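Take a look at the letters that make up each chain.
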Amino acid sequence: MRKGSMTARLWPFLRPQLGLLLLCCAMVLVVNLSELAKPYILEIVIDRYLVAGRPDNGLDSVWGMGLAFLLCAGLSSGLNVLEAVAVNRMGQSVLMDIRRMVFRHIQHMPMRILDRFSSGRLITRATNDVETLNELFSDVLVNLFKDIFMLIGIVVTMLMMDWQLALLAFTGVPFVFLVTFIVRGKLRRNFVVVKALISRINGFFAENISGMRLVQIFRRERQKLKEFDEMNDAYYASTLVQVRMNSFMRPVMEVINALVIALLVWFGCRSIGLNASGLEIGVLYAFTNYIRQFFEPINDLAEKYATIQSAVVSTERIYELLDDKANLEDLNQGEPIAARPQGKIEFQHVWFAYDDVNFVLRDVSFTIQAGQSAAFVGATGAGKTTIISLVSRFYEIQKGKILLDGVDISTLSKRTLRRHIAVVLQDVFLFSGTIAENVRLGDEEISDREIDEALRLTCAAEFIKELPGGMDYPVTERGSTFSAGQRQLLSFARAIAHDPAVFVLDEATASIDTKTEQLIQQSVKNLSVGRTMIIIAHRLSTIRDCDTIFVMSAGRIVESGNHDDLMAQNGLYAALQSKA
Amino acid sequence: MVLARFMKRHGWRYLPGVLFLVVNAWISVLPARVLGDVIDEMSLPVIDTAKVYQGILYLVLAALAIFLTRYLWRTFIMGNARRLETFMRRELFVHFQSLSMDFYNHSATGDLIAYAINDIGAVRQTFGPALALSINGVVTSLVSILSMSGGVNGSLTLYSLLPVPVLIVLVVLMGGQVRARFRRVQEAFAAVSGRVNENINGIRVIKAYAQEDNELGRFEGLNRDMLSTNVAMVKASSAMGPMVGFIFGISFTISLIYGGSLLRAGQISLGDFVAFNGYLTLIVNPVQSIARVINLLSRGLASLRRYNQVLAAPPMVVESIENAHEGPLKGGIQVKDLSFRYPYAPDFALRGLSFRLEPGKTLGILGHTGSGKTTLCNLLLKLYNPPEGSVFYDGADIHQIQLDTLREGIGYVPQDNFLFSASIRENIRFFDDLVGDEAVVTAAKQADIYQNIIAFPNGFDTTVGERGVTLSGGQKQRISIARALVKRPPILILDDALSAVDAQTEYDILNSLRGFFEGGTSGIIVAHRISALMHCDEIIVLDEGRVVERGSHEQLMQKGGFYAETAQKQADNQEGGEG
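Position numbers for residues start from 1 in each chain and track the written sequence from start to end. Ligands are numbered from 1 and chains lettered from A, in the order in which they are written. Where local features are concerned, this predicted model is filtered to residues with pLDDT of at least 70; where side-chain atom pairs are given and counted, the filter is 80 or more; whole-chain, interface and lining totals use all residues. Note that water and hydrogens are dropped before the side-chain values are worked out from all heavy atoms of the structure.

Caption draft 1: Representation of the interface of chain B and chain A in the model. The criterion used for residue contact is that any of the two residues' heavy atoms lie within 4.5 Å. Taken together, the contact between chain B and chain A spans 133 residues of the former and 149 residues of the latter. A quick way to say it: buried area is the sum, across both parts, of accessible area lost when two parts are put together, with a 1.4 Å probe. Note on chain B versus chain A: buried area summed over both sides is about 12,700 Å², and carbon and sulfur give 66% of it. A carboxyl oxygen of Asp or Glu within 4 Å of a side-chain nitrogen of Lys or Arg is what we treat as a salt bridge. Counting across the chain B and chain A interface gives 11 salt bridges. In this structure, A:Arg220 engages B:Asp432 in a salt bridge whose closest nitrogen and oxygen atoms are separated by 3.9 Å. Side-chain atoms alone can form a polar contact between residues adjacent in sequence; in general such a contact is a pair of N or O atoms within 3.5 Å, and within protein one must be able to donate a hydrogen while the other accepts it. At the boundary of chain B and chain A, one finds 32 residue pairs in polar contact (both at pLDDT 80 or more). Starting at the N terminus, helices and strands are each numbered in turn, a helix being any DSSP run of H or I of at least four residues and a strand any DSSP run of E of at least two. If you tally residues by element for the side of chain B that touches chain A, the top one is helix H9 (residues 212-264) of chain B, at 30 residues.

Laid out in structure tokens, this is it:
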């Protein structure tokens, strides 16, 4: 993406603030005029009072000019602060909007898309990338107007004061642009390399810290250090290039600045000597000041180039994410489910592939009557876990139909569908907050009493009553203070508190101590009362009492029936049973 | 200390940098004087053109000298700062490699690590830009002030610079204010990051309960905090520049009025007046950058402190000095009355543990979580130092065996199946180029993962991890088993390594390992499932760090203790397929 289009991207955010923006421009104008007036005042003092020796007369004096100078300084400083704060406030509210947009976008990304992103990448989009834009606003944009107006103002003032001298001064400009242009391109390419390397190094660090135990056990410290050294040295080499280019860029600007001044002095000397144009010394001196003022914004812009660069990259990355709007989930699209459904689940010739190519489910059909319990068993990759994701429409199926109480779920609103189907995943996720908040999960209609009841029914109350504060006990990040079994119980409580019609459970494989295991079994029993129950089983013992057991293999249902039927069939199920 | 080590080796590179920096600052002051002289010359009724041209020549020469010295000091100082960054990062990495697991398991240190990595950048800024800015500022200001008072007029200098001390105090105070507000911005940013992090990691739950809107609500409060803290900071930080501008405006006004009257009184020349203004201009930037220097300095020093804190953590395990043991391990292990307590832990993790394992035999270990199984593995691998005289390999105390020899001799399969983001081949041979492809293939077959690997489009070159294919827990576990087998170690330790694979796979793996054990490899198998333990030559049951039962499968079954109970329970709960 070009910088131009970055501006175009950000413009819609700025448009509502047009009034403020114009006010800022007006302030900038005053700031610049007073900045421009300062050398002009010097010129007057030198030429009128010091060289020509005009006598003081009230304000028409060096004193008067001094006061005017101070006034300009005050005006420029004061308005400068106001303008900076205003522009920044604008920028910050834009950033707030962008941050919200990215966050909302991520909330509504379907699983199919989310699977493609690593969580780290998504987090970077919503945080660091927006933060880079922040630097753009607070470092660059605040001064951008001022710098540009200043450049124009100086050009006009110089031309008005002495057009010949002005034209002479401008001969430096092409060189400035040439240098900036050449070095800039190189700097940009190098910057990309440096950034890629540092992120690789940081990733390498993170990975090695996680895997350090293995590295130490296998004594691979030397190999890993070698790998690290290669990256670290490459990083050093490319930063050196950056240092050299930066070391060249800034001083070369000053050389051009100095050469232009020398040129002006030479020309001034000649014209004063020849007395041809009546050039005054004050004008010459003012010009040297203007040229310094002229080069400052250019230097500034060049210096801020890195910030602009990374802002462009970040904007690109943010919009890469945001532009993919077509696939966003609309939770409200479709028919809302008015009353609590019965909970009859039906798959009709369902075909599904995560990637449109490798089908994980092939022509799967089954019916689970309302209030019944069903279990899915089978080897890894047979497609059991996929069924969970399809029932609550985390993914769209390629062919066939999934029905809830006889209604195609693709016609139902996801919000209400998911409200009535509770899914407990293998890997229980707890949010930081209290136990109550984790059960309620934002649904304020769930009262404390209902939470209490849910915790009791799921046997979670057993261990919670030991905790100080009970259900107000704080859950640390990811619930690391609870055991796997306890987390499981909490997620059951979460499910039951939402009173779903259908309860889907992906059994945990983690080893859970016997006592908690018993609690879980009891809890599942309590949960199943008055609900349709789907269990993805990893332990055959837990599903013996299920009304129907579906045995899956390679994406198909190969056997079904209750435990006794299946054992009698002496097929895959019986084989699985005998293996343990 | 790292800094001292760096300075000893590379510190001299700062010398030419500082030298050029001082020269540069000094030359930068000269053009103001030259310009003044030229103007003096030009205001004479009869201009000596030669003198003016000479002045112009000086201006050009000074410009070139400034360019050259500036380029040089920047390259030396900034370049060396980059070198310091690289140096510190490497030291950190090397140190990380030597730290024991105890350090990594300490959760607070996890943050320290993250900080230390990021802190290096701040240290570089201190020993690069901050260093240069302060030297440059001091020299430029000094030379300017000397030129003003010595070359132009003392009292004019005094009066004009009167506001500057006040300004410096203001800049320092305001810099403190900006830093405090910046800290709040960072806290707000950390809060937003934390929220986003949790949200994205829990996105499945959020979707399952249709909590998207609610999450947005929770996010919005933090988002607003970001706005308000940022605006508050900008209010302070954007006032800094204009404040400096205004107060120097006062200085310029004084120089204008007082300098003008001195000039008319004939005490200074027009050139002096112009030069004076030029000098004054040169002081503006150094004063303005005081706040920045203080900021960089305080951040850099805090960062250096944190970094040194991490580096101060001593490695727990030290290489044996006397290496009585020679040659590779043969597979005999003896543990004698081993008791062990983790540093800072109140209770012993192992109490009086003893066993003896002849080469080629297998030992099974059963026990609850926390019964001491993993501690035993840690000690056998010398990830922690066991007491002297308690762990022996082939009759030699573990402390008399080189770490290389010890760990090369043990194939270890951990409980968690961590793979590096690299190809499957690299993960199996674990970055050791000396391991041939054939060995990799054999190990893969023995770990019952070969068929899965060749089913991938890129076979053994398939990348796994963050950027590669996603493997199931069972697949990862089997690759980590292959990793342990690839060097055909005389001792194999499976640290609860089979719990993530289903019964069938467990059976297949144990079957192929049997050949391994029959070939003379000693094995220690830690497991929850009786099916994984029943064929071991000896089985011990651990509870609270003690051996509570020991014997063969048959003996233990007859005994009717914990082992038999567990076996009974598992027979009832016959286990099924894996998820």
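Caption draft 2: Geometry of the pairing of strand E9 (residues 538-543) of chain B. All names here are of chain B. Pairing geometry for strand E3 (residues 362-367) and E9, over five bridges, is parallel. Looking at the pairing, glycine 367 lines up with leucine 542 of E9. Judged from the five bridges that link them, E9 and strand E10 (residues 546-551) form a sheet pairing that is antiparallel. Across the sheet, residue isoleucine 539 finds its bridge partner in E10, namely glycine 551. A strand pair is defined by DSSP finding two or more bridges across the two strands.

Caption draft 3: Layout of the state of the cysteines. Defined by distance alone, a disulfide is two cysteine sulfur atoms within 2.5 Å. Following the criterion strictly, the structure yields zero disulfides over all chains and no others. Here A:Cys24 stays unpaired: no disulfide links it, and the sulfur of A:Cys25, its closest cysteine neighbor, is 6.9 Å away. Working definition: with a 1.4 Å probe on protein chains only, accessible area under 20% of the residue-type maximum means buried, over 50% means exposed, and in between means partly exposed. When its relative accessible area of 0% is taken as the criterion, A:Cys24 is described as buried. Free cysteine: B:Cys377, not disulfide-bonded; nearest cysteine sulfur from B:Cys536 at 13 Å.

Caption draft 4: Spotlight on the sheet that holds strand E5 (residues 407-408) of chain A. Residue and element names in this part refer to chain A. Reading across from one edge, E2-E1-E4-E5 is the order of the four strands in this open sheet, with antiparallel pairing throughout. Here the strands that pair on one side only, and so sit at the sheet edges, are strand E2 (359-368) and E5. As judged from the two bridges shared by strand E4 (residues 399-404) and E5, these two strands associate in the antiparallel manner. Across the sheet, residue leucine 404 finds its bridge partner in E5, namely valine 407. In this analysis, axes come from line fits to C-alpha atoms, helices being fitted only over the stretch in contact, and the angle between any two N-to-C directions falls in the range 0 to 180 degrees. Sheet strands in contact with helix H12 (residues 384-391) are strand E1 (345-353), E2 and E4, and its direction is about 110 degrees off that of E1.

Caption draft 5: The side chain of A:Arg125, seen in detail. Relative to the helices and strands, A:Arg125 is located in helix H5 (residues 119-161). When near neighbours in sequence (up to four residues on either side) are disregarded, A:Arg125 contacts A:Val102, A:Val130, A:Arg317, A:Ile318 and A:Leu321.

Caption draft 6: Summary view of the pairing of strand E6 (residues 421-424) of chain A. Residue and element names in this part refer to chain A. Burial along E6 is two-sided: Ile421 and Val423 and Ala422 and Val424, pointing in opposite directions, are all buried. In terms of strand pairing, E6 meets strand E9 (residues 502-506) through four bridges, oriented parallel. Residue pairing across strands places valine 424 opposite leucine 505, the latter belonging to E9.

Caption draft 7: Focus on the confidence of the model for chain B. Residues and elements named next belong to chain B. Confidence scores per residue from the predictor, reported as pLDDT, run from 0 to 100. Averaged over every residue, the pLDDT of chain B is 87; residues scoring 70 or more account for 95%. Low pLDDT (under 50) marks residues 575-579, which in the prediction has 28 contacts with non-local residues, meaning those over four places away or in another chain. As scored by the predictor, the complex reaches a pTM of 0.76 and an ipTM of 0.82.

Caption draft 8: Local environment of helix H6 (residues 163-170) of chain A. Looking at H6(A), one finds that the buried residues are A:Leu165, A:Ala166, A:Leu168, A:Ala169 and A:Phe170. Near the N-terminus of H6(A), the side chain that reaches the backbone nitrogen of A:Gln164, with its oxygen 3.1 Å away, is that of A:Asp162.

Caption draft 9: Representation of the domain arrangement of chain A within the structure. Domain boundaries in chain A define domain 1 (91-322) and domain 2 (345-579). A separation of 53 Å is found between the C-alpha centroids of domain 1 of chain A and domain 2 of chain A. What fixes the domain bounds is an automatic or database domain assignment.

Caption draft 10: Expanded view of the sheet that holds strand E5 (residues 396-397) of chain B. Residue and element names in this part refer to chain B. The four strands are arranged E2-E1-E4-E5 in an open sheet whose pairing can be described as antiparallel. Among the strands making up the open sheet, the edge pair consists of strand E2 (350-357) and E5. In the sheet, strand E4 (residues 391-393) pairs with E5 via two bridges, with the strands oriented antiparallel. When the sheet's bridge partners are listed, tyrosine 393 is paired in E5 with alanine 396.

Caption draft 11: Layout of the pattern of salt bridges. In the structure shown here, the tally under the stated rule is 49 salt bridges over all chains. One salt bridge connects A:Arg456 with A:Glu453, and the closest N-O pair in it is separated by 3.0 Å. Of this pair, A:Arg456 and A:Glu453 both sit in helix H15 (residues 448-457), three residues apart, which is roughly one turn of that helix. By relative accessible area, which is 37% here, A:Glu453 ends up partly exposed. For the salt bridge of B:Lys487 with B:Asp432, the shortest nitrogen-to-oxygen distance reads 2.9 Å. With a gap of 55 residues between them, B:Lys487 in the loop between helix H16 (473-485) and strand E7 (491-495) and B:Asp432 in the loop between helix H13 (424-429) and helix H14 (437-446) connect regions that are remote in the sequence. Of the residues examined, B:Lys487 reaches a relative accessible area of 34% and is grouped as partly exposed. One salt-bridge network, held together by shared partners, links A:Glu329, A:Arg393, A:Glu396, A:Lys414, A:Arg418, B:Lys207 and B:Glu212.

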